[in-house]
Amino acid sequence: GWLYARQGRYAPFWARTETIDLKAVQPVASVDLTITVAAMSDAQKYAAQNGRQDIAIFNRDAGSWVYRRITAIADGDPGETVLTLDSAIGFDATLAGIGPINFMNLSRFDGDAIEIYWHTQAVAESSVQFRTIKA
């Protein structure tokens, strides 16, 4: 169903990088518009300002993802970077409650045809190419 809804190259979708791009270094409150992460390199700051400004934050306590847009990046205390977000984080969390923070890209499939190899009635395998597009 998910593959069908993308309609090949037609319907863009948000894709997480599936790597831990950023790591929170301070707890957050549900009303916070900022999140403090381990220091970002200058290259990461530049990348976040040009097409990498959307992030997914995993709320371990609820087992769900929160999606936000970075509106500003500033150096914090030594070893820290402060990200200003477009809206409040929406949950209270200790450092243990904040899971990975991934950059997200607006993407689409690179082709219209998708092959699915069915191993059994319940297990299938597919490989698709994504293309990042401008948000």
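The structure under discussion appears in the preceding block.
We now turn to the structure provided with this report. (Residues numbered from 1 in each chain as written. Predicted model: local features only at pLDDT ≥ 70, side-chain atom pairs only at ≥ 80, totals over all residues. Heavy atoms only, no water.)

1. What to know about the pattern of salt bridges
Pairs can form between side chains of opposite charge whenever their charged atoms are close. Here is the rule: A pair is scored as a salt bridge if a Lys or Arg side-chain nitrogen falls within 4 Å of a carboxyl oxygen belonging to Asp or Glu. In DSSP terms, a helix is any run of H or I states spanning at least four residues, a strand is any run of E spanning at least two, and both are numbered starting from the N terminus. Think of it in three bands: with a 1.4 Å probe and only protein chains considered, a residue is buried below 20% of the maximum accessible area for its type, exposed above 50%, and partly exposed in between.
In the structure shown here, the tally under the stated rule is one salt bridge. With a closest N to O distance of 2.8 Å, Arg69 and Asp54 form a salt bridge. Linking Arg69 in strand β4 (residues 64-75) with Asp54 in strand β3 (residues 54-59), this pair joins segments that are 15 residues apart in sequence. With relative accessibility at 29%, the residue Arg69 sits in the partly exposed group.

2. Regarding the nonpolar core
To be explicit about the condition: Nonpolar cores are built from buried Ala, Val, Leu, Ile, Met, Phe, Trp, Tyr and Cys residues. Side-chain atoms within 4.5 Å join them into one set. In what follows, a contact means two residues having at least one pair of non-hydrogen atoms within 4.5 Å.
In this structure, Leu22, Ile35, Ile55, Ile57, Leu83, Leu85 and Ile101 are the most contacted members of the largest nonpolar core, which totals 19 residues. Secondary structure elements with two or more residues in this core: β2 (34-38), β3, β4, β5 (80-85) and β6 (98-109). Not counting residues within four places of it along the chain, the set of residues in contact with Leu85 comprises Leu33, Ile35, Ile55, Ile57, Arg68, Arg69, Ile70 and Thr71.

3. Comments concerning the pairing of β3
The two faces of the sheet receive side chains in turn, since in a regular strand these alternate between them. This is how the line gets drawn: For two strands to be treated as a pair, DSSP must find no fewer than two bridges joining them.
With five of six residues buried, β3 is to be regarded as a mostly interior element. Across six bridges, β3 lies against β4 in antiparallel orientation. Directly across from Asn59, in β4, lies its bridge partner Ser64. Between the antiparallel neighbours β3 and β4 lie four residues, among them Gly63 with a positive phi of about 70 degrees.

Scope: geometric values only; no functional claims are made or implied.
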